[in-house]
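# Structural overview for review
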Amino acid sequence: QVQLVESGGGLVQPGGSLRLSCAASESIFSIDVMDWYRQAPGKERELVAFITKGGSTDYAGSVKGRFTISGDAAKNTVYLQMNSLKPEDTAVYYCHAVVRAVGYWGQGTQVTVSS
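One structure accompanies this document, and this report is about it. No experiment lies behind these values; they were computed from the predicted model shown.

Conventions and cut-offs
Residues numbered from 1 in each chain as written. Predicted model: local features only at pLDDT ≥ 70, side-chain atom pairs only at ≥ 80, totals over all residues. Heavy atoms only, no water. Helix = DSSP H or I, 4+ residues; strand = E, 2+ residues; numbered from the N terminus. Rg over C-alpha atoms; globule rule 2.2 N^0.38 Å. Buried < 20%, exposed > 50% of the residue type's maximum accessible area, 1.4 Å probe, protein only. Areas by Shrake-Rupley, 256 points an atom, 1.4 Å probe, with all protein chains shown as cover. Lys, Arg positive; Asp, Glu negative; His and termini not counted. Charge placed at Lys NZ, Arg CZ, Asp CG, Glu CD. Pairing = 2+ DSSP bridges. Axes fitted to C-alpha atoms, helices over the stretch in contact; angles between N-to-C directions. Contact = heavy atoms within 4.5 Å. Phe/Tyr/Trp six-rings, centres within 6.5 Å; stacked < 30°, edge-to-face > 60°. Lys NZ or Arg CZ within 6 Å of the ring centre and 35° of its normal. 1 Å grid on protein atoms, 1.4 Å probe; cavity = no way out; pocket = protein on both sides within 12 Å on 5 of 7 lines; lining within 4 Å. Points joined across faces, edges and corners; volume = space filled by probe spheres on them. Nonpolar A, V, L, I, M, F, W, Y, C, P; charged D, E, K, R; others polar.

The helix and strand inventory of the protein stands at 0 helices and 11 strands. Going from N to C terminus, the protein has its helices and strands arranged as β-β-β-β-β-β-β-β-β-β-β. For 115 residues, the compact-globule estimate of 2.2 N^0.38 gives 13 Å, and the C-alpha radius of gyration of the protein, at 13 Å, lies within 12% of that figure. Sorting the 115 residues of the protein into buried and exposed places 41% on the buried side. If you sum the accessible surface of the protein, you get close to 5900 Å²; carbon and sulfur atoms cover 49% of it. A gap of 3 Å separates the mean positions of the 10 positive and 10 negative side-chain charges of the protein.

Whether parallel or antiparallel, the strands of a sheet pair through hydrogen bonds between backbone atoms. An order of S1-S3-S8-S7 is seen for the 4 strands of this open sheet, with the pairing classed as antiparallel. Each of the sheet's edge strands pairs with one partner strand only, and the pair in question is strand S1 (4-7) and strand S7 (67-72). When strand polarity is set aside, the average angle formed by the axes of neighbouring strands in this sheet is 15 degrees. Pairing of S1 with strand S3 (residues 18-24) involves 4 bridges; the strand directions are antiparallel. The residue of S3 that forms the bridge with serine 7 is serine 21.

Quick look at the side chain of threonine 109 now. Here threonine 109 shows up in strand S11 (residues 109-113). Excluding its chain neighbours within four sequence positions, the residues that come into contact with threonine 109 are Glu6, Ser7, Gly8, Gly9, Leu20, Ala91, Val92 and Tyr93.

Attention now goes to the packing of aromatic side chains. Taken as a whole, this structure holds 2 aromatic pairs when the rule is applied. Ring centres of tyrosine 94 and tryptophan 105 lie 6.3 Å apart, and the angle between their planes is 90 degrees; this geometry places the pair in the edge-to-face category. Placement of the pair is tyrosine 94 in strand S9 (residues 91-99) and tryptophan 105 in strand S10 (residues 102-105), with a sequence separation of 11 residues. Residue class for tryptophan 105 comes out partly exposed when judged on its relative accessible area of 39%. A connected cluster of aromatic rings, assembled from ring pairs, spans Tyr37, Tyr94 and Trp105. Across the ring face of tyrosine 94, the terminal group of arginine 45 is positioned such that the distance to the ring centre comes to 3.8 Å.

A word on the layout of surface pockets. As a volume, the largest pocket reaches approximately 150 Å³. Around the largest pocket, the lining residues are Ile28, Phe29, Ile31, Asp32, Val33, Met34, Ile51, Thr52, Lys53, Gly55, Gly71 and Val78. Tallied by class, residues from the lining of the largest pocket come to 7 nonpolar, 3 polar and 2 charged.

Okay, structure coming up:
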């Protein structure tokens with residue numbers, strides 16, 4: 001059982017930045033894939049970015065060039081650096097991990113982009 005705890009959400013103005021953190025209960029080297037999803041009100045949950053155990057990353061087209069996913073093995077933590085935020089980035093952001101084909105979710109953290 002992998003536990004994930006997100007932090008770093010909040011209210012930011014358009015054009016601003018936030019860094020989300022996802023702390024895992026075990027070494028991220030034991031996790032096959034870690035990713036960030038988001039869900040806006042009235043919309044389906046969508047994949048934002050992922051990072052594999054080998055360090056490969058990819059992003060949704062809507063955030064490519066603005067968001068960066070990275071990992072710190074010493075802290076068992078994955079980050080999502082979000083720059084140039086837009087109102088349409090407003091959503092609850094969820095951390096997700098896959099270990100041997102089993103998925104685990106964090107509780108989510110709210111990100112609101114508004115002036």
